[in-house]
Amino acid sequence: MAATTRIVTGSATPIQAQWYTPGTETLVDPDVSTNVTCTVVHVNGTAIATNVVATKPATGTTQIVLPSQTVPADLIATWTGTYGGSVRSQVTYISVAGAFYVELADIRALDALVGNTTAYPTAILTQKRAAAEDLFEAVTGRAWVKRYAREVLDGDPTYRRAYMPVDQLAYVVPSRRLSLRYAPTRDLLAVSIDGTVAADLTLFTLYSGEIERSRTSPGFTRGLQNVVVEYTYGADAPPFELREQFLVYVRAMILDTTNRLSERAIAVTNESGTISIAQAKAWDRPTGISTVDAALARFGNQLASFA
């Protein structure tokens, strides 16, 4: 699967695809006098851009400008072009968030990265920022910027294990509240029940990790995968301490791209003596950097233990 490109709401943003001669690392342009087109759809099927002719800013690279998105979303871009007389296509993925944890300029301003675009190009900064966001969210159990989610749910969470006779199902009270995967929930974007899109979203209320249907309307109808909920979740921005430690971790990952020290090393001996190197370890020490791991533990969902 292709890597996901991350962009933010509120501005038109270029997105790109790169093309290689099959089985090689050589970038290739489309056949002369032919165009590469791109169609972008929302994961819910809504068309965002259709058959847009792409520009070619560099050899083997095609690009379109994605229209500004007003809310977080997950998008799928399908690129199609003719190469060597054959029609080829590829798919790229775009995640639209409310913000980034930090801007690329904040990362470039870090020690050893200032002006060093040869060893550490923008593409590396972008890649490591995305990887760090993934790790911070996985470890803390929450998103620190606003993100999009689309969940397909059972209308009745007990449906799969309800083996009562059919004549008794009429007496079952429909469920009014369903659990959602992410919290804190923010904005309800759309609800579909049994294939019908709800026209009035005021009949639903989002709670922390749940959606409830108004008592003035019927509950969610029983069924398997018959309720679709689209919503946003997460914070507006990470707390200051978490942001500072995020920069520490991103810098370390970027510098590691030119590091020649074996990843398996547990000590370094030179004329100054022996230097121990902290190693990352699953959830209790996810980065191996003590200040970063301490911040992740403080802002995570871990519960205090008592003797």
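Above: the structure in question.
Residues numbered from 1 in each chain as written. Predicted model: local features only at pLDDT ≥ 70, side-chain atom pairs only at ≥ 80, totals over all residues. Heavy atoms only, no water.

J.: I'd like a description of the nonpolar core, backed by residues and values.
T.: Within the largest apolar cluster, 26 residues are counted, with the highest numbers of intra-cluster contacts made by Ile107, Phe136, Phe246, Tyr249, Ile254 and Leu296. Looking at this core, the elements with two or more residues in it are helix 2 (122–140), helix 3 (240–256) and helix 4 (290–299). Ranked by residue count, the leading element in this core is helix 3, at seven residues. Every residue in contact with phenylalanine 246, bar those within four places of it in the chain, is listed here: Tyr101, Val102, Arg129, Ala132, Glu133 and Phe136. Counting residues in each nonpolar core, the second largest holds 18 residues, with Ile7, Ala54, Ala77 and Val96 among its members. (Core = buried A, V, L, I, M, F, W, Y, C linked by side-chain atoms within 4.5 Å. Buried < 20%, exposed > 50% of the residue type's maximum accessible area, 1.4 Å probe, protein only. Helix = DSSP H or I, 4+ residues; strand = E, 2+ residues; numbered from the N terminus. Contact = heavy atoms within 4.5 Å.)

J.: Provide a residue-level description of the side chain of lysine 128, including the pertinent values.
T.: Position of lysine 128 among the secondary structure elements: in helix 2. For the buried lysine 128, which has no salt bridge, the nearest side chain bearing the opposite charge is aspartate 256, at an N-O separation of 8.0 Å. Once residues lying within four places of it in the same chain are set aside, the contact partners of lysine 128 are Val250, Met253, Ile254 and Thr257. (Lys, Arg positive; Asp, Glu negative; His and termini not counted. Salt bridge = Lys/Arg side-chain N within 4 Å of Asp/Glu carboxyl O.)

J.: Let's hear about helix 4: which residues, and what values?
T.: Turning to helix 4, its buried residues are Val292, Asp293, Ala295 and Leu296. One face of helix 4 carries all of its buried residues, which in axial projection span an arc of 160 degrees. Across helix 4 from its buried face, at more than 90 degrees, point the exposed residues Ser290 and Arg298. Where helix 4 is buried, its residues touch helix 2 and helix 3. (Arc of directions from axis to C-beta.)

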